Amino acid sequence: MTAVFQEKENLLLSDSMQKSISCVLNQIFVYASLHYHVKMPYYTYQKEKNKNVLALNQSEQMKLLQYLYEEMDIYKLEIIICISTGLRLGEICALKWNDIDLQGGLLHVNTTVQRIAMNGYNTRTILLEGEPKSIFSKREIPLSDEITKLLFSYHNVGETYVINRNKPMEPRTYQNKFQKYLRLADIQKKNFHSLRHTFATNCISSGMDIKSLSEILGHSDVRITLDRYIHPTVETKRYHMNSLSEIYGQYMGRQSK
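A few points on the structure. (Residues numbered from 1 in each chain as written. Predicted model: local features only at pLDDT ≥ 70, side-chain atom pairs only at ≥ 80, totals over all residues. Heavy atoms only, no water.)

A word on the sheet that holds strand S2 (residues 106-109)
Next, step 1: Across the sheet, three strands lie side by side as S1-S2-S5; this open sheet has antiparallel pairing. The two strands at the open ends of the sheet, each matched to only one other strand, are strand S1 (100-101) and strand S5 (139-142).
Next, step 2: Judged from the four bridges that link them, S2 and S5 form a sheet pairing that is antiparallel. Pairing of Leu 107 across the sheet is with Ile 141, part of S5. (Pairing = 2+ DSSP bridges. Helix = DSSP H or I, 4+ residues; strand = E, 2+ residues; numbered from the N terminus.)

Below, the structure written as structure tokens:
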């Protein structure tokens with residue numbers, strides 16, 4: 001079975017899809033063993049280790065934001081929203097205007113989009129809109145005053161989706177736009193998910209408690225937030241080291257009196 005998944009690597013099967021396939025196969029194996037007394041192998045799907053997604057450093061963030069604020073449009077604004085809220089790619093592509101409370105400054109994550117393989121269509125894959133991957137992913141995110149003001153200026157009554165008017169944005173197209181923005185801002189290629197990691201890292205650096213951050217990111221457990229999304233910067237580490245030095249200095253000052 002491992003070989004089968006490796007041979008199908010080019011199909012970009014998601015972790016959840018591979019896990020589902022392995023569960024169905026194991027059920028078949030169990031049935032064959034019970035009813036036909038045939039010894040069948042069991043396959044345990046082992047999820048690949050998460051790829052190392054790096055947050056943007058301070059210099060990269062500065063260059064990207066400067067570029068996005070120049071001649072801003074709705075596509076650039078949504079990148080700013082991602083780095084300011086930690087939204088996933090599928091979530092920003094499915095974001096509707098009725099998901100946003102502009103008066104209360106709140107963003108509600110209710111749907112996501114992804115491209116999946118499906119038989120019976122003219123194309124090998126279709127863009128499917130549905131609920132987020134878990135109940136924790138459906139969440140409420142407070143918006144800053146600045147983001148709320150920017151969204152006000154781009155709100156067009158009658159349009160359903162924030163980015164793509166009356167249909168969800170194609171994630172691959174938006175990924176390509178993001179890569180274009182990085183090139184024009186003179187930043188090396190980054191995964192779109194790096195925006196989410198950057199948001200999480202900035203939140204911790206600014207003093208946000210881990211529980212609040214975990215809920216904003218839509219995680220079921222704070223350990224996920226800590227293990228995957230926190231990337232302390234050198235500046236943050238230096239700040240804490242200097243704070244420690246100040247404490248020692250106070251101790252020495254008390255001793256010298």
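More follows now that the structure is in view.
Some points on helix H4 (residues 74-85)
Each full turn of the α-helix corresponds to 3.6 residues, which orients residues three or four apart in the same direction.
Next, step 1: Its twelve residues place the ends of H4 16 Å apart at the C-alpha level, agreeing with the 16 Å of an ideal helix rising 1.5 Å per residue.
Next, step 2: Burial of H4 is extensive: ten of the twelve residues sit out of reach of the surface.
Next, step 3: Turning to H4, its buried residues number three or more, namely Ile 74, Lys 76, Leu 77, Glu 78, Ile 79, Ile 80, Ile 81, Cys 82, Ile 83 and Thr 85.
Next, step 4: One or two residues past the end of H4 sits Gly 86, with phi positive at roughly 80°. (Expected span 1.5 Å × (residues − 1). Buried < 20%, exposed > 50% of the residue type's maximum accessible area, 1.4 Å probe, protein only.)

Points about the packing of aromatic side chains
Next, step 1: Scanning the model with the defined rule gives three aromatic pairs in all.
Next, step 2: Considering the side-chain rings of Tyr 67 and Tyr 181, the 5.7 Å spacing of their centres and the 50° angle between planes classify their relative orientation as tilted. Of the two residues, Tyr 67 is situated in helix H3 (residues 58-69) and Tyr 181 in helix H7 (residues 171-184); the sequence distance between them amounts to 114 residues.
Next, step 3: With relative accessibility at 17%, the residue Tyr 67 sits in the buried group.
Next, step 4: Of the residues examined, Tyr 181 reaches a relative accessible area of 6% and is grouped as buried.
Next, step 5: For the pair Phe 178 and Phe 192, a centre-to-centre distance of 5.2 Å together with 70° between the ring planes defines the contact as edge-to-face. One end of the pair, Phe 178, is in helix H7; the other, Phe 192, is in the loop between H7 and helix H8 (194-205), and 14 residues separate them in sequence.
Next, step 6: Every member of this aromatic cluster is reached through a ring pair, and the members are Tyr 174, Phe 178 and Phe 192.
Next, step 7: Stacked on the ring of Tyr 67, the Lys or Arg Lys 76 has its end atom at 4.3 Å from the ring centre.
Next, step 8: Lys 177 extends its terminal NZ or CZ atom over the ring of Tyr 75, reaching a point 4.3 Å from the ring centre. (Phe/Tyr/Trp six-rings, centres within 6.5 Å; stacked < 30°, edge-to-face > 60°. Lys NZ or Arg CZ within 6 Å of the ring centre and 35° of its normal.)

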